[in-house]
Every structure is written in C-alpha cells, then in structure tokens.
Amino acid sequence: MNKKWLELSVGLMMVAGVAALVALALQVSGGNMSRNAQSYAISALFENAAGLGPKAKVTMAGVTVGEVVSVVIDPNALMAKVNMEIYGQVDYLSIDSSASILTAGLLGEKYVGLTVGAEEEVLVDGDVIEDTQSALVLEELIGQFLLNFGDNK
Amino acid sequence: MIGLIADLGSGFLGKLVRIGQAWLMLMQAIIVQPKASSLSRLIQQLYVVGVQSLIIILVSALFIGMVLGLQGYTLLAAYGTEQAVGQMVALTLVRELSPVVAALLFAGRAGSALTAEIGLMKATEQLASLEMFGVDPLHRIVAPRFWAGIISLPLLVAIFSLVGIYGGHLVAVDWLGVYSGSYWGNMQQAVDFNGDVLNGMVKALVFAFLISWTAVYQGYTCVPTSQGISAATTRTVVYSSLAILGFDFILTALMFGGTV
Amino acid sequence: MATDDIINIQNVSFYRGDRAIFKNLNCVISAGKITAIMGPSGSGKTTLLRLISGQLQPHEGQIRLFGQDIAALNRKQLTQIRTRMGVLFQSGALFTDLSVFENVAFPLREHLHLSVDELYNKVLLKLEAVGLRGARDLMPSQLSGGMARRVALARAVAMEPELILYDEPFAGQDPIAMAVLQRLIKDLNCAMHLTSVLVSHDIAEACAIADQVILLGEGRVLVQGTPAALQASNDPAVKQFIHGEADGVIPFHFFAPPLQQELRGKSE
C-alpha cells in the first residue's frame, strides 16, 4: 500500500516534469525552435551597418525569415559585410533582392529587411546581395538637416 | 613568506587530491551493472529527493514568478512597454532563475539531507555492516541517491519555470491588467526552445551533478561523529551553493555570451 | 598450520598517525571456543576486530583468517570469506529503513536464492532463537537497545557463519539485557558450533562465558589464557585491570610533563 503510493507519487512527479517541459516548448516558446539545421547562409555589403549585431532579425515583408550571424569588415570593399542565416524553407529570394537596415520604432533594435526582386534565379548558400541600403544614423541625419537648414537661410 | 606560499601550494594540492578522490569514488559508485532491485531503490530515492522537494519548489516558483511580474510591470510601465513583461518573466526564469534558485533550494533541502543520512549510516556502522555482508555501500547507498538527484533536479527546474511563468501571469495579467495575448505572444516570440529552454535544462543537469556529487561525497567521507556530520552537512550546502553560482556564470558566458 | 586456528595474527603492527596501536602483535584464536578480547579503553580492541574482519589493513605483519592471508584477497574473495563470518557491531547497525524481518532477511536475500517460503521460515527461526519472533514487523527505531542488539545478532547468524565477532555486546545494557545476551552468545556458540570472538571491557560478564581471554595493553598481548588463569595472574597490569584500580601500571594521568613545570604564575 505504502509502496504503491510511493511509486505513484514518483511517477506523477516524472509526468509533471516532462509535461512542464512540453508546456515550456509549446506555450512559452511557441514551438519556436532555431532552424539552424536546414538554413543557408547569404551575406550583404553595406556602407554602414551601425547598430546591427549578431542575432538581429532578418525579415521579409515584416515576417522573420532568418537572423544575422556576424557583422565584419570586408577588407576588399572596405564595407560592412553582414552574414545572415536564412531558414531553409525560404528558397524564393531572387538574386536581385535588396537588403536594407531598418529600425523597429524610433529607438528600437536594428534589423535587416529584404525585398525580393523580379529575377527568376534565386539566392543560394554563399551568395552576396549587392543592392543594399545602409543604416540610418540619427546623428548624420540631424547634421544634414542642420546643414540644409543653414543653407536655406 | 616562502613558507606561506608553500602552505598555499600544499593546500591547493590537497584540494586537488580530494577532488580526485571524490571523482574516483563517484566512478566506482556509478559504473556498475544495474540489478532488478536497483530500480526500486532508485524510486525510493526519487521520492525522498524529488517528490519531497516539490512543495518548496512550487511555492518558491510561484512567489518568484509573482515578484518578477510585479517588478517587471513597474519597470516596463515607465516606458509604456508593459506588454513585454511576459517576455521578461519568461527569459529571466528559463535562462537564469529557475536553474539557479531551484538548485540552491535543492542543495539546501535534498543535498543536506543526503549528506546527513549517509553520514548517520556511517556513524551507526550501517555502511560497515553492509560491507560485512559483502555488499558495496557505494553501489547500494551512494549510487541510487546520486542518480535520484541527477534525474530529479531537471524535472523540478522545468516545473519551476512553468509555475513561475504562471505566477507572473497571475500578477501581470490577472491583477495589473496586461493583455493576456501580448503576455504570451511577446513571450513566444522572444523565447527560443533550443537556445533558452534547453540551455536552462543543461544548466539544471550540471547543477544536479554538482549537488549530488558533493552531497554523497561529503556524507560518505564525513567524520562519523555528531560534529563531523553537522560539519559535512554544512559543507555540502556551502560547496554546492558556491559551485552552482560559479558554474552558472561560466555556463551563461558559454551559452549566451556571444549574444551582445 | 593447524586447521584449528581460525584466526592467526602474526607480528601485526598498526599505526594511527605516528601512534602505534599495535606493535608486533601475535595471537591465535582457535575454533569452537568463545574468546574474549579485553583491555582498557584505547587499547585497540575495536581496531583489532576491524583488522580481523578486513575493514582495516595492518601496516606490518599478516592476519590469516580460515588459513588465508586477508590482505592478499581480492574483493570477491573477501566477500566470499565474509559470508563465513558474522559481525555484531557495537550499535547493532540495523538498517534503519528496513523492518526487523527485512533486516534479518537482508544477508539471505543478498547471497542465497531462496523461495519466499524458505526465506520466511528461515528468518522466523532466527528471530525465534533470539526471542523476537513477535517483533518482526517493527522498525529498528521502535526497538530498545537490548532488542536491537538481539535482532542484530539474529542477522549476524542468519548466514550460519563459522565465526562471529562481537563488538562490545554488553556496553550500555541493563543487567537483564546483559544476561539475555550472555545466554544467547553461549547458546549460539554451542548450538551452531561457532567460534566466537567478543571484545569487551565488562570483565565479569565476559569472563563468565569465555573459554579463553586475551588481555591487550600497550600495543601487545599482556596475557592470554583461561579466565581462571587471568584471575590468578600476578602481572601488575593484569591485576590493575581485573580489580579495577584507578592508578597503577596503566597510569591515571595522561602523559604530561611534571605539574610544577606547567603551573603558571610561579617564577623559577
């Protein structure tokens, strides 16, 4: 009798523990697993990648399709090279796609936005996006604005 | 001066020797073919170590989740981003607080009890008596307790995280009026199962190993007197708590350090 | 070597730190008898028992048990030889998480493959022998000290050993429990053709049942003989121990420099 209760309670604890883990997977992380296994790498060269870092989102039409792996200097072009992982199932980015660095809200985090072009051929692992638009640097913007303001006067 | 440095060196070497001994003891205890009766002993220990720790884990998790919900709400409301409270509660719990707090509680609740029990068995000659019956106390006494610790803590940590998140929900959503959809929605966007939940579980497993190992070693090698047992129990709690906090930093640096 | 000698201790030395507990200890314990090992506290009686049971290893010399050098045995052989002997620990050492019945059944379950009924009967007979058949479902925490020791005795003889070692069986027992234990030790020794070795400092009780007495002191055997011979001995240390004199060859004072040197506040 006593032994039964003991075994039952241990069993219940195990079930509760595993159920909690499953709940964490479904309810808390929303089945949100990183899909590193089936993804491919592309990169893009930017004039300025200020504020962009690893793990930043890569989006297309507002939907996350990958993430930034690293941001380095390309020694030949002397530009910022942003390496990205794109989820495997997103296999329809044409080779003339463009990338721009955007900001979520006024002070939010930086992310990469992709816009698909018209070509038939698609980007594959290791390809580089040529058509880019750099990060908006607030200080430069204000500086330009002040300059223009001064000129107009 | 040279004597002082020599003392330091010999003290350090002594510690290394003890760690080596503890490692050998552990290997001797757990490298063994399990018998049919081992399972019932393991279940017995799972009850003592795991089920009996459930209450303290549940209560602490609920309160910690509630505090996180309250603090997070107050802090985030100042920037008008109180919807992000779910994400804050979940990430804090899953990555850090659940493994660390559950492990500290576990060391105090189960680790100390393990040490005291094994120490008392030594003091009352039960270990020697087992040996006289040709039964290795390392296999009979130490192994099931060690494995019970390893199995229990990760389960308790998973339960801790979930209960804590619901505790945060209770405060932030039910009492303070954050929209339930954004509580869960933001959380689901921010929490990654592999990166956050599983890494938390890896931490739990490492802590479980540290606590169980410390507890059985301290119990098995304690001086079999009342002072000896109480000193060993204290050492279990102190050493395993320090090990938990130290290893938590190392693991956090390894797992999340790359994320600027 | 005579097959009669169950335990043969040859030139054994044992140290704790720098202190020699035994120095060139020699003695022989022969089969079928009750041997009492006596001596003042700290003379290493319990240590000797641990050496005999292989829980400790001598630093020098050898101990032969059933004709085998126990230091040379591997784990399996040691386990084998240990099934031929039982040990009654000072505290009884019952497993606190098992009932009285399960405690006695423990060695049988470990080493023999008996059917449920055989096991039940065997355990019941052993408990009957110590008069505690009715207590089989109690837990060790519910037993008195004397009862716990009797259960431990039933457990120690469960495997029907050839040799049984008793560590201070009479310590801390009331006169009735002491008499019960005395009778049990004597009866079991006769009924099961055991060799019994008991360590004790209760002279009267031990002498009453022992066939042979070994008196330890100063790291060696002071005297070995029948209880009667011990009583008649003229050795001052033996006389001091037997008659319980506070001071004598074994000094009342722990070793210390002269008192005059140690007192303070007095200049030379």
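Position numbers for residues count from 1 along each chain, tracking the sequence in the order it is written. Each chain gets a letter, beginning with A, and each ligand a number, beginning with 1, in the order they are written. In keeping with the predicted nature of the model, local features appear solely for residues at pLDDT of at least 70, side-chain atom pairs appear and are counted solely at 80 or more, and the whole-chain, interface and lining totals rest on all residues. Processing note: side-chain calculations cover all non-hydrogen atoms of the structure and skip hydrogens and water entirely.

**Notes on the layout of surface pockets**
Rules: Only protein atoms enter the calculation, which uses a 1 Å grid: trapped sets of points that fit a 1.4 Å probe without letting it out are cavities, open sets showing protein on both sides within 12 Å along at least five of seven lines are pockets, and any residue with an atom within 4 Å of a point is a lining residue. Grid points are joined across faces, edges and corners, and a volume is the space filled by probe spheres set on the points. Working definition: helices are DSSP H or I runs of at least four residues, strands are E runs of at least two. Numbering for both runs from the N terminus. Here the nonpolar group is Ala, Val, Leu, Ile, Met, Phe, Trp, Tyr, Cys and Pro; Asp, Glu, Lys and Arg are the charged ones; every other residue, Gly included, is treated as polar.
By volume, the second largest pocket is sized at about 1,100 Å³. In terms of lining, the second largest pocket is formed by 30 residues, of which the most central are B:Ser40, B:Arg41, B:Gln44, C:Asp97 and C:Leu98. Of all the elements in the fold, those that place two or more residues in the lining of the second largest pocket are helix H1 (2–28) of chain A, helix H2 (36–49), helix H4 (85–123), helix H5 (126–132) and helix H6 (137–175) of chain B together with helix H3 (100–111) of chain C. Of the residues in the lining of the second largest pocket, the class split is 13 nonpolar, 7 polar and 10 charged.

**What about the packing of aromatic side chains?**
How we decide: Between rings of Phe, Tyr and Trp, where Trp is taken as its six-membered ring, a pair exists when centres lie within 6.5 Å; planes separated by under 30 degrees are stacked, by over 60 edge-to-face, and by other angles tilted. The criterion for a charge sitting over a ring is simple: Lys NZ or Arg CZ within 6 Å of the ring centre, and within 35 degrees of the ring normal.
Considering all chains together, one arrives at 11 aromatic pairs over all chains under this definition. By the ring-pair criterion, three or more aromatic residues cluster together here, those being B:Trp23, B:Phe146, B:Trp147, B:Phe209 and B:Trp213. The ring of C:Phe66 is capped by C:Arg84, whose NZ or CZ atom sits 4.0 Å from the centre of that ring. Positioned above the aromatic ring of C:Phe95 is the side chain of C:Arg155, whose terminal nitrogen or guanidinium carbon lies 4.7 Å from the ring centre.

**Quick word on the pattern of salt bridges**
Let me state the cut-off plainly: Criterion for a salt bridge: a side-chain nitrogen of Lys or Arg within 4 Å of a carboxyl oxygen of Asp or Glu. Using a 1.4 Å probe on the protein chains alone, a residue whose accessible area is under 20% of its type maximum counts as buried, one over 50% counts as exposed, and one in between counts as partly exposed.
Under the criterion given, the structure shown has 11 salt bridges over all chains. Here B:Asp196 makes a salt bridge to B:Arg95, at a shortest N to O gap of 2.7 Å. Of this pair, B:Asp196 sits in helix H8 (residues 193–221) while B:Arg95 sits in helix H4, and the two are 101 residues apart along the sequence. Between B:Arg140 and C:Glu110 there is a salt bridge whose closest N-O contact spans 2.7 Å. A residue pair is termed interchain when its members come from two chains, as with B:Arg140 in helix H6 and C:Glu110 in helix H3. Judged by relative accessible area, C:Glu110 falls into the partly exposed class, the value being 24%. Residues joined by salt bridges that share partners form a network here, namely B:Glu96, B:Lys203 and B:Asp248.

**What about the side chain of B:Gln45?**
This is how the line gets drawn: Contact between two residues is taken to exist if any of their heavy atoms lie within 4.5 Å; hydrogens are not considered.
Take B:Gln45: it is sitting in helix H2. Here B:Gln45 is in contact with B:Gly50, B:Leu114, B:Glu117, B:Pro144, B:Arg145 and B:Ala148, once residues within four sequence places are set aside.

**Describing the interface of chain C and chain B**
To keep it simple, the criterion reads: Note: buried area is the sum, over both parts, of the accessible area (probe 1.4 Å) each one loses when the two are combined. In the analysis that follows, any N or O atom pair within 3.5 Å is treated as a polar contact, provided that within protein one partner can donate a hydrogen and the other can accept it, and provided that, for residues neighboring in sequence, both atoms belong to side chains.
Taken together, the 21 residues of chain C in the interface contact 14 residues of chain B. For the pair chain C and chain B, the summed buried surface comes to about 1,600 Å²; carbon and sulfur atoms form 55% of the total. Here chain C is connected to chain B by 2 salt bridges. B:Glu125 serves as the salt-bridge partner of C:Arg50, at 3.5 Å between the closest nitrogen and oxygen. Applying the counting criterion to the chain C and chain B interface returns 6 residue pairs in polar contact (both at pLDDT 80 or more). Broken down by element, the residue count for the side of chain C that touches chain B peaks at 4 residues, all from H3(C).

**Comments concerning a nonpolar patch on the surface**
Here is the rule: Here the term patch refers to residues with relative accessible area over 30% and no salt bridge, with like charges joined within 9 Å and nonpolar side chains (Val, Leu, Ile, Met, Phe, Trp, Tyr) within 5 Å. Computed with the Shrake-Rupley method and a 1.4 Å probe, the accessible areas treat only the protein chains shown as cover for residues.
Where nonpolar side chains cluster on the molecular surface, the patch consists of A:Leu136, A:Leu138, A:Leu141, A:Ile142, A:Phe145, A:Leu146 and A:Phe149 and spans about 750 Å² of accessible area. Looking at the element boundaries, A:Leu136 is found in the loop between strand E8 (131–133) and helix H2 (138–152).

**Some thoughts on the nonpolar core**
Here is a general trend for soluble globular proteins: nonpolar side chains tend to be buried in one another's company. Note the cut-off: Take the buried residues of types Ala, Val, Leu, Ile, Met, Phe, Trp, Tyr and Cys, join any two whose side-chain atoms come within 4.5 Å, and each joined set is a nonpolar core.
Membership of the largest hydrophobic core comes to 61 residues, with the highest contact counts inside it found for A:Leu24, A:Val28, B:Leu153, B:Ile165, B:Tyr183, B:Met187 and B:Phe207. At the level of secondary structure, the elements contributing two or more residues to this core comprise H1 of chain A together with H2, helix H3 (54–77), H4, H6, helix H7 (180–190), H8 and helix H9 (226–256) of chain B. Ranked by the residues each element gives to this core, the list is headed by H4(B), at 14 residues. The contact partners of B:Leu153, leaving out residues within four places of it in the chain, are B:Ala102, B:Ala103, B:Phe106, B:Ala204, B:Phe207, B:Ala208 and B:Ile211. Counting 49 residues, the second largest nonpolar core, distinct from the first, contains C:Ala154, C:Tyr166, C:Leu188 and C:Ala237.

**Some details on the environment of A:Ser43**
All names here are of chain A. With respect to the element layout, Ser-43 can be found in strand E1 (residues 39–46). Linking Ser-43 and Thr-115, residues 72 residues apart in sequence, is a C-alpha distance of 14 Å. When residues no more than four places from it in sequence are discounted, the contact partners of Ser-43 are Lys-81, Val-82, Asn-83, Met-84, Asp-127, Val-128 and Ile-129.

**Re the interface of chain A and chain B**
Each partner contributes residues to the interface: chain A has 25 residues there, and chain B has 30 residues. In total, chain A and chain B occlude about 2,400 Å² of area from one another, counting both sides; carbon and sulfur atoms represent 74% of this. Linking chain A to chain B there are 1 residue pair in polar contact (both at pLDDT 80 or more).

**With respect to unusual backbone geometry**
We note that A:Leu78 has phi near 55°; this positive angle belongs to a residue other than glycine. Overall, the relative accessible area of 67% leaves A:Leu78 in the exposed class. For B:Glu125, which is not glycine, the phi torsion reads 65° and is therefore positive. Topologically, B:Glu125 is positioned in the loop between H4 and H5. For B:Glu125, a relative accessible area of 9% gives the class buried.

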